[in-house]
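Inside the fold
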Amino acid sequence: MSHLIQDVLNQVRAQLNLEGVKLWDPPYYIDPEPIDDKLEELGRTYALVLNLPTEMCVAAVKELQSNALEKLAAKAKFNATGIASLKVRIPNQPGGTDLHTVEVSLEETGSALQEIIATKLNVTVDRVTLIFSGHVVDTAKTLSSQNVKNNQQLLALIRSADDSKDVYAVTAKIKSDAELLIQNSYSNDFLVMEDQQGNRIYLPDAENKALKLGLALHKKGRVYLNQENFNLALVLFLEADEQFRTVASSLLESVDNYALLNLDIVWCYLCLKSVTHLPDAERRLQLCEENFRRSYGTNFNRLVDLKGSDGNEKALVMRLHLLQAILMFHQNRRGEAQAMLRMAESELLQLKVDDAALQSLIEMGYGLSEARLGLRATGNNIADAINNITERREKKKEARKKARKNEELLGKEFRSGNVNPNSLKKLIEMNFDKDLSSMALEKADNDINEAINLLQNESEELRKQLGKRKKFHVEGNLLQNLVQMGFHTELAKMALQNSFNNLDSALDFLQSLRDDGKYEEVLSGLAGPSTSSQQPSIPLEELKEAKEFFDKKFAEKEAFERFSEGYNNDDDEHLDLPLTQEESLIQEYKAALNMN
């Protein structure tokens, strides 16, 4: 639907509501027929009042009457039979956005509705993904349990026929990979949570995992957003939102991550041409605005104190204002939309990066992203931009240095966990063992008093758990010694893990594997019961444990490779907006609002 048609519908609907006109009652409708001459007369009147094309006003009145009668009929049928009528909007179709009406019992599952829509569109079920009220519809649950009601609207995302990826299946796999990575060191590089000053955030275990999973799904969603795969991006964003909602609101209010997620969700709605049909968009933009105000401060004063500039975050606020203006336009809040659009345009002009300056920095060897961010932060001053880039690089270097120190303090066994180094230092100063203190803090969700209690009263249990954990970490120099002796890296690693980093025991283990002819068998992960009449020198349980360990590490490696594909690990990636799409949208909606 074009902006002009939508605009006429919005204005006519508002005028009908203002005058209290009921198109389903006489003189506009006398059962069972609409009264065309009365509808046309009303349309001509509104064309004069609203200064709109007569034919379009007449068509709008007739369409709004048809919609109203359809809703009344659907309500009567639902009351009589329990069969609900749902509007299903399907964006980005060859002819534009399609709107279909489907009938289904609300006691059916999401998969039943999925099948109905797939049949109606003559596509396979796995190509259909359903969104309702800001949530991905669960195919296993009933529609009523997901608060779907009669006469409500859903969004159906239909993947293209040449795309083999089932969105539900892909999302489930990405989520599964992320959950696996959060449990081990592979996640350590890109799932560290920090506040705006670069300090790591430590949370109770359940919230820590939920927030990490939310952040991971959001960042993976941005990979697909940048690839313009809006269907998969939106589903991943909504899954991330489900995780964020389990975290205490006080934490979400203190960082801008949740605001950025909501901004990205509404941007996806817009790219899918569905921002006008999901009231969820207005709620999310309001949350985003409030969060930005808390995170960045009035007039960005808090942000300037923290970062020294506010130029790049202003790009996010400009996008927020643009989305708010578009939403206001479709809500027929024309005056507010015009004012907000002017604000967004003014902000964009201040944020535009000079092409010549950008090219100069690139020729000096700076990357496109850091050059654009540097120029935007300094008002296109090349010298200042270079200083800004250098300063940001130094800050990242210092942050990495700080992180390495904390890793050294924590030890290998706890680097991927949720142990607060500051709390650990306090326990060490109280003469508690470092490794036991780390284990206690992890179990106590960084509650230092509870950790002290565990250290004083459950130290033996902590030692047992620590012993099991240390078994799976290898000293690098010992590993190198075994590899230089000709042993395979993975087998040498397994031997050290199973011998608690005792080099002699590990060497005996590896040599006995060779003596028994088991070396290649274990290496290939196929170790099993010995067929020999003699008892093998390596206990069967150790062989099984080795295989399980290899399988686990291999699964983690595969998950990491899948998840990290296309992944941008730059902390400022979300700030690097070229603003070309925003500029185009501003012009598009200025024309729709008849602005000069």
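Bear in mind the structure is a predicted one, so any value in this text is a computation, not a measurement.

Description of the packing of aromatic side chains
Scanning the entire structure with this criterion turns up 2 aromatic pairs. Where F244 meets Y258, the ring centres are 5.5 Å apart and the plane angle is 45 degrees; that geometry is what we call tilted. Placement of F244 in helix 7 (residues 230-244) and of Y258 in helix 9 (residues 257-271) is noted, with a sequence separation of 14 residues between them. With a relative accessible area of 1%, F244 lands in the buried category. Sitting over the face of the ring of F563, K220 holds its NZ or CZ atom 5.6 Å from the ring centroid. Positioned above the aromatic ring of W267, the side-chain terminus of R319 is 3.8 Å from the ring centre.

Section: the state of the cysteines
This model, assessed by the stated rule, comprises 0 disulfides. A disulfide-free cysteine, C268 has its sulfur positioned 6.2 Å from the sulfur of C271, the nearest such atom.

Focus: helix 21 (residues 476-484)
Every buried residue of helix 21 is listed here: L478, L479 and L482. Down the axis of helix 21, the buried side of the element spans an arc of 100 degrees, and every buried residue falls inside it. Following helix 21 by one or two positions, G486 adopts a phi angle in the positive range, close to 105 degrees.

Topic: unusual backbone geometry
That bond from P26 to P27 is cis: its omega, 5 degrees, falls within 30 degrees of zero. Relative to the elements of secondary structure, P27 occurs in the loop between helix 1 (3-19) and strand 1 (29-30). Even without being a glycine, N151 presents a positive backbone phi close to 70 degrees. The topology assignment puts N151 in the loop between strand 6 (135-136) and strand 7 (153-158).

Side note on the pattern of salt bridges
Close approach of charged atoms lets side chains of opposite charge pair. This model, assessed by the stated rule, comprises 22 salt bridges. Two residues, K175 and E239, come together in a salt bridge whose shortest N-O distance is 3.8 Å. On the criterion of sequence distance, the pair formed by K175 in helix 5 (residues 167-182) and E239 in helix 7 is long-range, its members being 64 residues apart. For R333, the salt bridge goes to E282, with nearest N and O atoms at 3.6 Å. With R333 in the loop between helix 12 (311-330) and helix 13 (334-351) and E282 in helix 10 (residues 280-296), the pair connects residues that are 51 residues apart, well separated along the chain.

Examining a negative patch on the surface
A contiguous patch of negative charge, built from D31, E33, D36, D37 and E41, is present on the exposed surface. Looking at the negative patch, the element that brings in the most residues is helix 2 (residues 36-50), giving 3 residues. Inspection of the secondary structure puts E41 in helix 2.

Overview of a positive patch on the surface
On the surface, a cluster of positive charge is contributed by K397, R400, K401, K402, R404, K405 and K425. If you tally residues by element for the positive patch, the top one is helix 16 (residues 382-410), at 6 residues. Along the chain, K405 turns up in helix 16.

The rules we used
Residues numbered from 1 in each chain as written. Predicted model: local features only at pLDDT ≥ 70, side-chain atom pairs only at ≥ 80, totals over all residues. Heavy atoms only, no water. Phe/Tyr/Trp six-rings, centres within 6.5 Å; stacked < 30°, edge-to-face > 60°. Helix = DSSP H or I, 4+ residues; strand = E, 2+ residues; numbered from the N terminus. Buried < 20%, exposed > 50% of the residue type's maximum accessible area, 1.4 Å probe, protein only. Lys NZ or Arg CZ within 6 Å of the ring centre and 35° of its normal. Disulfide = S-S within 2.5 Å. Arc of directions from axis to C-beta. Salt bridge = Lys/Arg side-chain N within 4 Å of Asp/Glu carboxyl O. Patch = residues over 30% accessible without salt bridge, like charges linked within 9 Å, V, L, I, M, F, W, Y side chains within 5 Å. Areas by Shrake-Rupley, 256 points an atom, 1.4 Å probe, with all protein chains shown as cover. Lys, Arg positive; Asp, Glu negative; His and termini not counted. Charge placed at Lys NZ, Arg CZ, Asp CG, Glu CD.

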